[in-house]
Amino acid sequence: MDKVLVIQMARLGDFMQTTPLIQGIKQSNPSCRIWVLIDKSLHDVALHCPCVDEILTIDTVKLYRMAESTHNLVGLYEELKQKCAFLKELRFDCIYNVNFSPLTAYLSSIPQCPKVVGYSLCADRREIAGSPWFQFLNTIVKFAPLAPFNLVDFFTNPNDLGMHTNNHLHFLLSSAEQHAAEKRLYAHNISQQDCIIALQLSTRNIQRQWPLEYFSELAVKLLKNEGTHILLLGSKEDEKRAEIFKQQIMQTAPAMLKRIHDFVSKTTIPELAGLLSLAQLLISCDTGTIHIAAAVDCKILALFFGPARVEYTGPYGRGHWILQVSNACSPCIEDKPTCDDYLCTRIIKPDTVVSAAQHIIYNRALDAELPKDVTLLTSYYDKWGILYEPVDSRPLTLIDIQNVVYREMGKKILDQSYCPDLLEFEDTYRYLSNTIKCYTAIFKSVLMQGRKLINSYYTNHYELQCAALNDDMSFWHPWIDYYLCAIRYGTQQQVQSIFVSGLHAATELLSKLAESQKSTVKQVPQHETAREYIC
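Keep in mind it's a predicted model, so treat the numbers as computed, not measured. (Residues numbered from 1 in each chain as written. Predicted model: local features only at pLDDT ≥ 70, side-chain atom pairs only at ≥ 80, totals over all residues. Heavy atoms only, no water.)

### Topic: the environment of Arg204
Selection criterion: Only runs of H or I of at least four residues qualify as helices and only runs of E of at least two qualify as strands under DSSP, and these elements are numbered from the N terminus.
Tracing the sequence through the fold places Arg204 in the loop between strand 7 (195-200) and helix 10 (212-222). In sequence terms Arg204 and Gly288 are 84 residues apart; their C-alpha atoms lie 9.6 Å from each other.

Here is the structure:
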């Protein structure tokens, strides 16, 4: 029986996004025994992941606090030494480390293990090395808003495992926990016939947070339907916003307060999951709560702006809905906003959210016009993972083209035998079919650059490094950067093979697209050229 360790030391949402990987490992090897190494705050969450057999925890908050204080270095060393001694006794057949951090790289190197997938320490133990697939993730995140794969699929599709999955997130509620949630709602005079909408008012970062007055206006409009009840969700840190929210409702619609139920800081994670499993809809910004909701099959309407991109961290599962803001300065860098007023958080208006919510719950027509820079998307799968499709037709953008191309190159990292299929492309990106022909000239331009890049690679590596600084080659900069980083850690033959085969896959698809549109070439919009869209 194989022993497998999965290391995920990040937050709640990150662990939930790792559960399909855990499920996939168990599916590929049912007799294996899976251990998880997590922060101690996630112990109860891991207990509800059905494929986890053993749980190891570390107090990461304590470790990071010690690390920040020089006089506590001895304590830090002793804490790590104690945990390391425990890990050293364990012998795993495989370790999956999905966190790019010195701490987890170090921890992954302690147990005796012949195979580490994801991130580990280099041979000299001074740097973090990543397998080709995870090196691809590291590169892509530096070129936002480029996002060819969801974070769940980055975790779930390491080429070493060789799996492509449509699995959803996993949080298994017991019948007793489900019954307790039902009793709790019954105590609040909420029946099974009522419409239950959950609201998560807060996020951990203000850049991702919708204005509280917008939530208040939204609640009043949703509660105009007499059978609707609202559940307020959140942690202890969210109590102040919940109180202000209720005060705002008291001022505008006091009679509606009896159908607003405050569960902020009053639930454990399993209790939160139980309430969400009974709700018709969760409305939230980019929070860990949306991943709990996805795991218990609660429909989600997510609001994404600031540093949040749905392509990376959107709700995982079929049929969720997302309002994504993509204004001129988005996505911004976490904790380093370029503005003081967080204007992007105010672009999505309450009427837009009301219309989308009523469409999801009651199948009513979408009657609110989307503001400029806002796209309404819904989630669906192809065989490589999840994608988000615009509900309304919209013009094709250069970032759309780049995401398509880089998804093709990512497939080559996962499967060297993969060949681009135009029919598969047209089925996957059906919403682009009416606008793709106007970009034939750009396809050809990028195609020429890609072919030139292949020739440069075969003739002179110095030219390849120069291309990384050439604005005219900006479309290919992430792929060049990926090669230059991956070659430091991977075997030279493997990385070179991936680099060239990925380019061939990309140019093959672009060639087919250009050829298929030859008879219907239209002029490219003058403001969009192949070198403008990314820096």
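Picking up after the structure, the text goes on.
### Quick notes on the nonpolar core
Cut-off, in case you're wondering: To form a nonpolar core, buried Ala, Val, Leu, Ile, Met, Phe, Trp, Tyr and Cys residues must be joined to one another through side-chain atoms within 4.5 Å. Here the term buried applies to any residue with accessible area under 20% of the maximum for its type, exposed to any over 50%, and partly exposed to those in between, with areas from a 1.4 Å probe on protein chains only. Throughout, a contact is declared for two residues whenever any of their heavy atoms are within 4.5 Å.
Counting 103 residues, the largest nonpolar core has Phe136, Tyr406, Trp476 and Trp479 as the members making the most contacts within it. With residues near it in sequence (within four places) discarded, Trp476 still touches Val405, Tyr406, Met409, Val446, Gln449, Gly450, Leu453, Leu503, Ala506 and Leu510. One finds Leu201, Leu323, Ile347 and Val354 within the second-largest nonpolar core, a separate group that totals 41 residues.

### Some points on the environment of Asp153
With respect to the helices and strands, Asp153 occurs in helix 8 (residues 151-156). Under the relative-accessibility criterion, Asp153 is labelled buried at 0%.

### Concerning the sheet that holds strand 4 (residues 94-97)
Backbone hydrogen bonds are what pair the strands of a sheet, in a parallel or an antiparallel way. Note the following rule: Two strands make a pair as long as DSSP finds a minimum of two bridges between them. A fitted line through C-alpha atoms serves as each axis, taken over the contacting stretch for helices, and the angle formed by two N-to-C directions is quoted from 0 to 180°.
Strand order in this open sheet of six strands is 3-2-1-4-5-6, and the pairing throughout is mixed. Edge positions in the sheet fall to strand 3 (54-58) and strand 6 (128-130), since each of these pairs with one other strand and no more. Between one strand and the next, the sheet's axes are offset by a mean angle of 30°, whatever the strand orientation. Examined bridge by bridge, strand 1 (residues 3-7) and strand 4 share four bridges and lie parallel to one another. Within the sheet, the bridge partner assigned to Leu5 lies in strand 4 and is Ile95. In the packing of helix 2 (residues 19-28) onto the sheet, contacts are made with strand 1, strand 2 (33-39) and strand 4, and the angle to strand 2 comes to roughly 165°. Where helix 7 (residues 132-140) meets the sheet, its contacts fall on strand 5 (116-121) and strand 6, and the angle it forms with strand 5 comes to roughly 65°.

### Here we look at the side chain of Thr507
Short version of the rule: We call two N or O atoms a polar contact when they sit within 3.5 Å, provided that within protein one can donate a hydrogen and the other can accept it, with sequence-adjacent residues counted only if both atoms are side-chain atoms.
One can find Thr507 in helix 21 (residues 492-516). Among the residues examined, Thr507 registers a relative accessible area of 7% and is labelled buried. In terms of polar contacts, Thr507 uses its side chain to reach the backbone carbonyl oxygen of His504, at 3.1 Å. Filtering out sequence-adjacent residues up to four positions away, Thr507 remains in contact with Leu447, Gly450, Arg451 and Ile454.

### So, unusual backbone geometry
A cis geometry characterises the amide bond from Ala144 onward to Pro145, with omega recorded as 10°. Cis geometry is found at the peptide bond from Ser330 to Pro331, where omega equals -10°. Mapped onto the fold, Pro331 is located in the loop between strand 12 (321-325) and helix 15 (350-362). One non-glycine residue with positive phi stands out, namely Ser265, at about 65°. Topologically, Ser265 is positioned in the loop between strand 9 (260-262) and helix 12 (269-278). Its identity is not glycine, yet Asn363 carries a phi of approximately 60°, on the positive side. If you trace the backbone, Asn363 turns up in the loop between helix 15 and strand 13 (374-382).

### Focus: the pairing of strand 14 (residues 385-390)
With respect to burial, strand 14 is a largely interior element, six of its six residues being buried. Pairing between strand 13 and strand 14: six bridges, direction antiparallel. Paired with Tyr380 across the bridge in strand 14 is Leu387. Counting the residues between successive antiparallel strands, the hairpin from strand 13 to strand 14 contains two residues.

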